[in-house]
Amino acid sequence: MRSNSLTPSGRFSEKNILREKVLFAGLFVLAVAVILLVFNLLTHGNFLEWMNIKIILANMVYPTFMAWGMCFLLACGYSDMSWGAIVVLASFGTGVFGNLYGFGAALAAGVAIGTALVFLNFCIFAFTKIPSWIASLSLAMIYEAVAVFLYVGKSTGALVSAAMEKELRIFGLLPWSLIVLAAAFIIIYYVYNRTIIGFNVRAIGGNAAVARALGVNATSTLLWIGLICGLLIGAASFLQESYSGITTVKTGLSSIFLIFQPLAIALLADILQKKINIIIAVPVCAFLLYAAFNLLTLLHVPSGTLQEALLCLFIIIFAILGQRGAKGVVK
Amino acid sequence: MSAADNILEIRGLCKSFGSTRANINIDFTLKRGEIKGLIGENGSGKSTLLSQIAGLYRSDAGEMTLNGKPYSPSSPLDANRAKIAMVMQELGVVEKLPVGINVYLGRLEQFSSRGAVNMKSLNGAVSRLFSEWNLPPMPPNAVVSGMMIEQRKIIELARALSVEPDILLLDEITQSLSLNNRNSLYALIRRLKDMGRSVIVITHDIDEMLAISDSITVLRDGEVVGDVKASEVTADEIRYMMVGRNISGDYYRADTAPDYAEEVVLTAEGLTVEGEIEDVSFQLHRGEILGFVGLSDSGIHSVGKAVFGLAKAGKGRVALGSGGEVKNTRDAIAGSMGYVPKDRDNEALMIHASIFHNATLPSLKEFRGPAGFLSPARLRKLSGDIVKKLSVKCTGIQQAMDALSGGNKQKVNLGRWLAKDLKVLVLDCPTRGVDVGVKGYIYELMKQAKAQGIAMILISDELTEALGMADRLIVMKDGRIVRTILRGEDFTERSIIEVMI
């Protein structure tokens, strides 16, 4: 069949794929530069000030970790609504243990609690076969209640907070948070694109029947995803506490709000992944998203409802651009 | 030949799915270097048998012996370890993964160290594999999403060959391939034979099976009803064994001249879909069967999609005889058009939904009551009528589509359009993956539809089918029309192949 009519002379040829990627990367960089310049013009030069850029960079670190976790989650076709509650619980752990035993304990507590709880979720998904969104909603309520109970010693619906001492919060500051981000990027990129587990995750999400028939162990893959996502959520919790120094929580699924921004980042990256590797796209999208928030603040748009509404509008516009040419119903 | 020449022996193999007995006491022998054809009606148990050999299904009873040793694979991977590989009828590929990963999915350990995959080594192996077996080269890094069904089948074939199989199982792969790649596959099968490897082929094309097989095993209702040498049997004898009665091979049209009305029901003018077809113009008349033939990249399948409004035409237009224009599928359906795509499971059917839901979907608008409500009783009657009229083998209209055999799926797929008052029906490889009985039945339905004045566009990878059924044939090459031939005028395979290649 060599070099016959199926030989990819069109869109699937090696040369064309590379050319398309390079062209898109060039256009994308140009588009980002134009967007940032427009933002700068709108804010009379305040946006591109180094101090302001530092604020955006510091803001985007922990949501980027969560968004990377969500890339694995989206790839395998599962959903987990409890990550916000897990971040809250692990951040509490970071603060409490850090204040008691120092920096090492803060790091260990955040990562261990985050990893253990996400892994537990995936064990529940894998072995009970309950739809993941239903199971994770119930788990989110449990984790929220546990966080509140542990901190105030009783169950309450009121807002409570836990602070971490300033000297423990070095990884909330630049350049350390960016160094952690860069190191994590290399590891995550490698795991997602160059390891058997990275490919198996996508195989399970892409066509579970084919994956199973070809010997991919779905349960084991799911548990691996739980471990990887757990480490990312644990790290995100530690970084969140390091950056903000305080964690607040209410019961009643209020923690779900913590998922939205990372989810928006992951969804934008998912749209871009036709052209850019999703692991690269995540920090880029995180920067753009927080740049948009920052712009709104500089333009004195009231934070909260109006900023959230404009953020959603931004996402929809971005998604429309990304989905141009897509056929049929997109679910 | 002695028993030592047998690579695979099967004795008393049984398999049931609930109350359905798919295989009953199957006895089967495969010799080293033998090409064995496996044939039977849809639902006769062919795919189940291959799936048992390939480790997809565990057998309920019976035993298999491979190279004289007991063989009982627990998974396809287990079968691969025993040097048995299968290209399945419906399995497919993982869209979001690259070609290279799809080829070695589940066996990536051989290119990895501590879980990390050496992509350079993997891609190199994939390129060598394609080259070694003369498969059309594909970039190992290209993501499968967006590739044609034929390219996907080639990836699956590469996956099977990567096992270096002693026994290769091919389940209706040829129906997904165009003429040129089909010929290349035959060469590949012959090469395997020369290497002393064995191949089991399932195909519904009896002539093809007679041409490529050494021996043929015929299954009917899950039982072996014949095991014959290909050189000692005729196509009609095979058909008789398959269905238990005489079926004439003459199921195509008997007339030799075009026969359709003057009235034009559809006009395509300068139709261009970027990268697929260019400047395609034709007219379709009432009661006409207009055939489209060509090699795999000729664009014939894109014509069907463009005419039905599924592929967006950059240039040109599709106009209906009534004056309307087809810009999308809503226009097409409003203009009394129907479309039966080649990729039945992915593009035509809601594969996990019931027959009822699939059969009624195109007619919901017509069955809407004055307040917009649908009558479940009327819909049940419609789906029941389709099942009855087309003799769909099923447990009832609530049975899920994925539980039906290929031929019965196609009956539902076709029947739901024929239940409507159509003017134009686009048929893209309507007999792909269906047995000889269903095939004849589909041709009969086409003849009836033609007699009722329905105009049909018949896109086909099988020249005999196009020649047998069409009033006019349009031959395409590289996305363009290269010749139009009228029935009765130079209407031969040879003249068409000369233009196609």
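Residues numbered from 1 in each chain as written. Chains lettered and ligands numbered in written order. Predicted model: local features only at pLDDT ≥ 70, side-chain atom pairs only at ≥ 80, totals over all residues. Heavy atoms only, no water.

## Remarks on the overall build of chain B
Helix and strand content of chain B: 17 helices and 21 strands. At 23 Å, chain B has a C-alpha radius of gyration in line with the 23 Å of a compact globule built from 501 residues. Pairs at least 24 residues apart make up 66% of the contacts formed inside chain B by residues separated by at least 6 positions. Carbon and sulfur atoms provide 48% of the accessible area of chain B, an area that totals close to 20100 Å². Distance between charge centres in chain B, computed from 61 positive and 62 negative side chains, equals 5 Å. (Helix = DSSP H or I, 4+ residues; strand = E, 2+ residues; numbered from the N terminus. Rg over C-alpha atoms; globule rule 2.2 N^0.38 Å. Contact = heavy atoms within 4.5 Å. Areas by Shrake-Rupley, 256 points an atom, 1.4 Å probe, with all protein chains shown as cover. Lys, Arg positive; Asp, Glu negative; His and termini not counted. Charge placed at Lys NZ, Arg CZ, Asp CG, Glu CD.)

## A closer look at the overall build of chain A
Across its full length, chain A holds 12 helices and 2 strands. Along chain A, from the amino end to the carboxyl end, the secondary structure elements read α-α-α-α-α-β-α-α-α-α-β-α-α-α. Classification of the 331 residues of chain A by burial places 48% in the buried group. The contacts in chain A between residues at least 6 apart in sequence include a share of 78% that link residues at least 24 apart. Within the structure as shown, chain A displays about 15500 Å² of accessible surface, and the carbon and sulfur contribution to it stands at 71%. (Buried < 20%, exposed > 50% of the residue type's maximum accessible area, 1.4 Å probe, protein only.)

## Concerning the pairing of strand 15 (residues 289-294) of chain B
Residue and element names in this part refer to chain B. Within strand 15, 6 of the 6 residues are buried, leaving the element largely enclosed by the surrounding structure. Residues of strand 15 alternate between two faces, with Ile 289, Gly 291 and Val 293 on one and Leu 290, Phe 292 and Gly 294 on the opposite face, all of them buried. In this structure, strand 15 lies alongside strand 19 (residues 455-459), joined through 4 bridges in parallel fashion. Within the sheet, the bridge partner assigned to Ile 289 lies in strand 19 and is Met 456. When strand 15 meets strand 20 (residues 472-477), the two strands line up parallel, connected through 5 bridges. Residue pairing in the sheet places Leu 290 in a bridge with Arg 472 of strand 20. (Pairing = 2+ DSSP bridges.)

## So, the interface of chain B and chain A
Note on interface size: it is often stated as the accessible area lost on association of the parts. Listed by partner, the interface residues are 44 residues for chain B and 31 residues for chain A. Overall, the association of chain B and chain A removes approximately 3200 Å² of surface from exposure, summing both partners, and the carbon and sulfur fraction of that is 67%. Scanning the region where chain B abuts chain A turns up 0 salt bridges. For the side of chain B that touches chain A, the secondary-structure elements that each account for two or more residues are helix 2 (76-81), strand 8 (116-117), helix 4 (119-132), helix 5 (149-161) and helix 6 (179-194) of chain B. (Buried area = accessible area lost by both parts, 1.4 Å probe. Salt bridge = Lys/Arg side-chain N within 4 Å of Asp/Glu carboxyl O.)

## Concerning helix 5 of chain B
Given 3.6 residues per turn, any residue in an α-helix points the same way as the ones three and four places further on. Here helix 5 of chain B contains 13 residues, and its C-alpha end-to-end distance of 18 Å stays within 8% of the 18 Å for a straight helix at 1.5 Å per residue. Within helix 5 of chain B, 13 of the 13 residues are buried, leaving the element largely enclosed by the surrounding structure. (Expected span 1.5 Å × (residues − 1).)

## Some remarks on the packing of helix 6 (residues 176-194) of chain A against helix 7 (residues 196-206) of chain A
Residue and element names in this part refer to chain A. Helix 7 packs onto helix 6 with a crossing angle of 60° between their chain directions and a minimal axis gap of 5 Å. Judged on the interaxial angle alone, helix 7 and helix 6 are oblique. Note on element contacts: helix 7 touches helix 6 through Ile 196, Ile 197, Gly 198, Phe 199 and Arg 202, opposite Val 191, Tyr 192, Asn 193 and Arg 194. For the contact of helix 6 with helix 7, the class distribution of residues is 5 nonpolar, 2 polar and 2 charged. (Axes fitted to C-alpha atoms, helices over the stretch in contact; angles between N-to-C directions. Parallel < 35°, antiparallel > 145°, perpendicular 65-115°, else oblique. Nonpolar A, V, L, I, M, F, W, Y, C, P; charged D, E, K, R; others polar.)

## Notes on the state of the cysteines
What is meant by a disulfide is a covalent connection between two cysteines, made through their sulfur atoms. Evaluation of the coordinates by the stated rule reveals 0 disulfides over all chains. Of all cysteine sulfurs, the one in Cys 229 of chain A lies closest to Cys 123 of chain A, which takes part in no disulfide; the gap is 13 Å. (Disulfide = S-S within 2.5 Å.)

## Thoughts on the sheet that holds strand 17 (residues 337-340) of chain B
Residues and elements named next belong to chain B. Strands sit in the order 17-18-19-15-20-21 across an open sheet of 6 strands; the sheet is mixed. In this open sheet, the two strands that pair with only one neighbour each are strand 17 and strand 21 (480-486). The mean angle between the axes of side-by-side strands here comes to 15°, regardless of whether they run parallel or antiparallel. Along the sheet, helix 14 (residues 406-418) contacts strand 17 and strand 18 (424-428); its crossing angle with strand 17, the most-contacted strand, is approximately 175°. Contacts between helix 15 (residues 436-451) and the sheet are confined to strand 15, strand 18 and strand 19, with strand 19 contributing the most and set at about 145° to the helix.

## What to know about the side chain of Arg 253 of chain B
All names here are of chain B. Along the chain, Arg 253 falls in the loop between helix 8 (235-243) and strand 13 (264-273). The class of Arg 253 is buried, set by a relative accessible area of 9%. At 2.8 Å, the side chain of Arg 253 and the side chain of Asp 255 are in polar contact. (Polar contact = N/O pair within 3.5 Å; in protein donor to acceptor, adjacent residues only side chain to side chain.)

## A look at the sheet that holds strand 3 (residues 35-40) of chain B
All names here are of chain B. Strand order in the open sheet formed by 6 strands is 6-9-10-3-11-12, and the pairing between neighbours is mixed. The open sheet is flanked by strand 6 (84-87) and strand 12 (223-229), the only strands paired with a single partner. Sheet twist, expressed as the average angle between the axes of neighbouring strands with direction ignored, equals 15°. The pairing of strand 6 with strand 9 (residues 167-171) spans 4 bridges and is parallel. Counterpart to Val 87 in the pairing with strand 9 is Leu 170.

## With respect to the nonpolar core
Soluble globular proteins tend to pack their nonpolar side chains together in the buried interior. Ranked by size, the top nonpolar core spans 94 residues in total, and within it Phe 282, Phe 292, Val 307 and Met 337 of chain B carry the most contacts. Leaving out residues up to four positions away in the same chain, Phe 292 of chain B has contacts with Phe 282, Ile 300, Val 303, Ile 457, Leu 458, Ile 459, Ser 460, Leu 473, Ile 474 and Met 476 of chain B. In terms of nonpolar packing, the next biggest core, distinct from the first, is built from 85 residues, Ala 184, Leu 232, Ile 279 and Ala 281 of chain A among them. (Core = buried A, V, L, I, M, F, W, Y, C linked by side-chain atoms within 4.5 Å.)

## Considering the pattern of salt bridges
Residues and elements named next belong to chain B. Going through the model one piece at a time under the given rule, you end up with 24 salt bridges over all chains. With its nearest N and O atoms 3.5 Å apart, the salt bridge here joins Glu 325 to Arg 317. The partner of Lys 447 in a salt bridge is Glu 444, with the nearest N and O atoms 3.7 Å apart. Pair noted here: Lys 447 and Glu 444 are both in helix 15, with a separation of 3 residues, about one helical turn.

## Comments concerning the domain arrangement of chain B
Partitioning chain B into domains gives domain 1 (3-243), domain 2 (262-336 + 421-501) and domain 3 (350-420). In this structure, domain 1 of chain B and domain 3 of chain B have C-alpha centres spaced 32 Å apart. (Domains from an automatic or database assignment.)

## Here we look at the environment of Val 22 of chain A
Residue and element names in this part refer to chain A. Within the secondary structure layout, Val 22 lies in helix 1 (residues 14-42). Judged by relative accessible area, which is 55%, Val 22 ranks as exposed. With 254 residues separating them along the chain, Val 22 and Ile 276 place their C-alpha atoms 9.8 Å apart.

## Digging into the environment of Asp 259 of chain B
Residues and elements named next belong to chain B. Within the secondary structure layout, Asp 259 lies in the loop between helix 8 and strand 13. On a C-alpha basis, the gap between Asp 259 and Thr 431 in space is 22 Å, while along the polypeptide they are 172 residues apart. Residues within four places of Asp 259 in sequence aside, it is in contact with Arg 253, Gly 287, Lys 450 and Asp 471.

## Here we look at the confidence of the model for chain B
All names here are of chain B. Of the residues in chain B, 97% have a pLDDT of 70 or more, and the chain-wide mean is 88. Per-element confidence in chain B is highest for strand 19, whose mean pLDDT is 96, and lowest for helix 17 (residues 493-500), whose mean pLDDT is 78. For this predicted complex, the interface score ipTM comes out at 0.77, alongside a pTM of 0.72. (pLDDT = per-residue confidence, 0-100.)

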